[in-house]
Amino acid sequence: MTQGLRLVLFGPPGAGKGTQAQLLVDRLKIAHISSGNLFRHHLQNGTPLGLKAADYMNRGVLVPDELTIDIALEKVMSLNAEEGFILDGFPRNTIQANSLDDALSLRSRRLDLVIAIDVPEGELIDRLGGRMVCRECQAPHRLESGQNPQSDEQRCDRCAGELYQRDDDTPSAVHNRIVVYQNETSPLLEFYRQKGLLAEVGGVDTVENVYNNVLAKIQRVSKTGDRE
Ligand code: ADP
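In this report, we go over the structure that sits alongside the text. (Residues numbered from 1 in each chain as written. Predicted model: local features only at pLDDT ≥ 70, side-chain atom pairs only at ≥ 80, totals over all residues. Heavy atoms only, no water.)

Near the ligand there are 20 residues, and of these S35, R40, V61, Q96 and R177 occur at the shortest range. Counting residues per element, the shell around the ligand draws most heavily on helix α2 (residues 35-44), at four residues. (Near = heavy atom within 4 Å. Helix = DSSP H or I, 4+ residues; strand = E, 2+ residues; numbered from the N terminus.)

Dropping the structure here:
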């Protein structure tokens, strides 16, 4: 059996990771593991973990590692060893990145590629303020200018679920998320560059162009044929 690719989609909040992840899972038929979606799912179900995580998420700071690592790695390890995946939002610091490497090496596996989507800060703030997310499938959507997130009923393009504005897309939480990304998460760029796993893609372009650039990077690793 051919092995699925093991990918990380990396980038600041609002870079378009969720959008690209949806397109990639449809095409590559691999699992999408989004730590943010896992937390939001727990919250919708009112679990203690969800309620605890929401307290951090709404402030725009990282959920503590002891909660995050368990929930993300449990999903990764629930796949069989040959199955591929796209991690989106995890890892977000070096402790999480090392725990991911350790978990994969228990199965004699490692990541194939980390795709970093680069978007400048000013653009991120605009994007997050104008974003709505589907309650059912979590797909992100852009608010058209003039649309009011509170009063205009809008439906998801993919599954017709209800769209809503996330509690952490408020200006102060967005500010914190960007600062947290710069201080705690962006050092992982160097971490993965040194491992020879990093591929960088510009994120200020059409969704299709970003997607094609991401696919080109992925095709390069799938062709080398030396994946473990
Ligand atoms: P975005 O990338 O747009 O910020 P996410 O849905 O990935 O959105 O994350 C939303 C929030 O969930 C984060 O601000 C953080 O509070 C929490 N979170 C998600 N992933 C992690 C993680 N790996 N470590 C700690 N907290 C996380």
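Alright, that's what it looks like, and here's the rest.
We now examine the packing of helix α7 (residues 171-185) against helix α8 (residues 187-194). Between α7 and α8, the least distance of the axes is 5 Å, while the angle of their chain directions is 40°. By the criterion of interaxial angle, the relationship of α7 to α8 is oblique. Note on element contacts: α8 touches α7 through P187, L188 and L189, opposite Y181, Q182, N183, E184 and T185. Its residues placed into classes, the contact of α7 with α8 shows four nonpolar, three polar and one charged. (Axes fitted to C-alpha atoms, helices over the stretch in contact; angles between N-to-C directions. Parallel < 35°, antiparallel > 145°, perpendicular 65-115°, else oblique. Contact = heavy atoms within 4.5 Å. Nonpolar A, V, L, I, M, F, W, Y, C, P; charged D, E, K, R; others polar.)

Core analysis: the biggest nonpolar cluster contains 32 residues, and F10, F85, L87, L100, L111, V114 and Y192 have the highest contact counts within it. At the level of elements, β1 (6-10), α2, α3 (48-57), α4 (65-78), β3 (85-88), α5 (94-105), β4 (113-118) and α8 are the ones that each hand at least two residues to this core. Ranked by residues supplied to this core, first place goes to α4 with six residues. Aside from chain neighbours lying at most four places away, what touches F85 is L5, R6, L7, I30, A31, I33, V76, L79, L104 and L111. L24, V201, V214 and V221 belong to the second largest nonpolar core, which has 25 residues in total. (Core = buried A, V, L, I, M, F, W, Y, C linked by side-chain atoms within 4.5 Å. Buried < 20%, exposed > 50% of the residue type's maximum accessible area, 1.4 Å probe, protein only.)

Now for the sheet that holds strand β6 (residues 140-142). Sheet architecture is open: three strands sit in the order β6-β5-β7, paired in antiparallel fashion. Strands with a single pairing partner mark the edges of an open sheet, and in this sheet they are β6 and β7 (163-164). Bridge analysis of strand β5 (residues 131-134) against β7 gives two bridges, and the strand direction is antiparallel. Within β7, the position partnered with C134 by the bridge is L163. (Pairing = 2+ DSSP bridges.)

Note that the residue after F90, namely P91, is joined by a cis bond; omega there is 0°. Within the secondary structure layout, P91 lies in the loop between β3 and α5. Unlike most non-glycine residues, K29 shows phi in positive territory, near 55°. Using a relative accessible area of 70% as the deciding quantity, one classes K29 as exposed. Residues other than glycine seldom take positive phi values, yet S108 does so here, at roughly 55°. Assignment of secondary structure puts S108 in the loop between α5 and β4.

All right, on to the pattern of salt bridges then. Opposite charge on two side chains makes pairing possible when the charged atoms of those side chains draw close. By the definition in use, this model includes 12 salt bridges. For D169, the salt bridge identified is with R131, shortest N-O distance 3.1 Å. Taken together, the positions of D169 in the loop between β7 and α7 and R131 in strand β5 put the pair 38 residues apart, joining distant regions of the chain. Neither residue differs from the other here; D169 and R131 are each classed as buried. Ionic contacts of the salt-bridge type, sharing partners, join the residues R131, R166, D168, D169 and R177 into one network. (Salt bridge = Lys/Arg side-chain N within 4 Å of Asp/Glu carboxyl O.)

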